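# Observations on chain architecture
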Amino acid sequence: MKLFTLIENTTADENLVCEHGLSLYIETEKHRILFDAGQSDAFARNAEALGIDLATADMAVVSHGHYDHTGGLLRFLELNRHAPVYVQREAFGHFEAESARSIGIVPTVAAALRESGRLVLTDDETDLGDGLSLHSCNAEQRPFASQSGGLFMMRDG
């Protein structure tokens, strides 16, 4: 398995750009997976600089519904015309930072995903076939208390 960091908050390579967010490219013997897409198209520019052809990705997986993990999906949908995009059903909620600034999926990205015909909504466990599965762990009991760190999700108003 090969794991490439396409976007992260820092970079030691002057040929790559960095931004707040995350995007990884995972290559196995059978699969090519885009895991998150950063907040802009910078992940795609880095992929090109690294010799990675995003058009050949078999699938995209979104870890959660924040702009810094989903903003680049518009570019991915342009570059790749076939890969399903797996997104947790709850990712389209309303998320805010402590400052009441929206940090959720940008509405144009959400609309493009829905209109693409490639959006696959996932639940707690989703079988992707070939020995791959996604697990949200949202229903899992946490063995320790965790704090939101200033992040909020609106439910029922």
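Scroll up to find the structure this text is about.
Summary of the structure given here. (Residues numbered from 1 in each chain as written. Predicted model: local features only at pLDDT ≥ 70, side-chain atom pairs only at ≥ 80, totals over all residues. Heavy atoms only, no water.)

### Remarks on the overall build of the protein
Convention followed: Secondary structure is summarised from DSSP: a helix means a run of H or I of at least four residues, a strand means a run of E of at least two, and numbering begins at the N terminus for each. For every residue, the accessible area (1.4 Å probe, protein chains only) is compared with the maximum for its type, and the residue is labelled buried under 20%, exposed over 50%, or partly exposed between those bounds. Every residue pair with non-hydrogen atoms within 4.5 Å of one another is taken to be in contact. Surface accessibility in these figures is a Shrake-Rupley result with a 1.4 Å probe; residues are shielded only by whichever protein chains are displayed.
Tallying secondary structure elements over the protein gives four helices and 10 strands in all. N-terminal to C-terminal, the α/β element order of the protein is β-β-β-α-β-α-α-β-β-α-β-β-β-β. The burial tally for the protein puts 38% of its 157 residues in the buried class. Residue pairs at least 24 apart in sequence account for 63% of intrachain contacts in the protein once pairs closer than 6 positions are excluded. Per element, the accessible surface of the protein, about 9,300 Å² overall, is 49% carbon and sulfur.

### Some thoughts on the environment of Pro84
Within the secondary structure layout, Pro84 lies in the loop between α3 (73-79) and β5 (85-88). Separated by 32 residues in the primary sequence, Pro84 and Ser116 place their C-alpha atoms 9.3 Å from one another. Residues in contact with Pro84, not counting those within four places in the same chain, are Asp58, Met59, Ala60, Arg118 and Val120.

### Quick notes on the packing of aromatic side chains
Under the convention used in this document: Pairing of aromatic side chains requires ring centres within 6.5 Å, counting the rings of Phe and Tyr and the six-membered ring of Trp. Pairs whose planes differ by under 30 degrees are stacked, by over 60 edge-to-face, and all others tilted. Only when the NZ atom of a Lys or the CZ atom of an Arg is both within 6 Å of the ring centre and within 35 degrees of the ring normal do we say a charge sits over the ring.
Scanning the model with the defined rule gives one aromatic pair in all. Over the aromatic face of Phe92 sits the side chain of Arg114, whose NZ or CZ is 4.4 Å from the ring centroid.

### Details of helix α1 (residues 42-49)
Turning to α1, its buried residues are Ala42, Phe43, Ala44, Asn46 and Ala47. If you follow the buried residues of α1, they end up packed against β1 (2-7), β2 (23-27), β3 (32-35) and α3.

### Quick notes on a negative patch on the surface
The condition that has to hold: Patch definition: residues above 30% relative accessible area lacking any salt bridge, with like charges linked at up to 9 Å and the nonpolar side chains Val, Leu, Ile, Met, Phe, Trp and Tyr linked at up to 5 Å. When a carboxyl oxygen of Asp or Glu lies within 4 Å of a side-chain nitrogen of Lys or Arg, that pair is called a salt bridge. His is not counted here, nor are the chain ends, while Lys and Arg score as positive and Asp and Glu score as negative. Taken as the charge location is NZ of Lys, CZ of Arg, CG of Asp or CD of Glu.
Together, Glu90, Asp124, Glu125 and Asp127 give the surface a local cluster of negative charge. With respect to the helices, strands and loops of the structure, Asp124 is situated in the loop between β7 (119-122) and β8 (125-129).

### Some remarks on unusual backbone geometry
For Asp36, which is not a glycine, the phi torsion comes out positive at approximately 70 degrees. Judged by relative accessible area, which is 1%, Asp36 ranks as buried. Phi at Ala100 is positive, roughly 70 degrees, even though this residue is not glycine. Residue placement: Ala100 occurs in the loop between β6 (94-97) and α4 (107-116). For Ala100, a relative accessible area of 53% gives the class exposed.

Geometric values such as these leave the question of function open.
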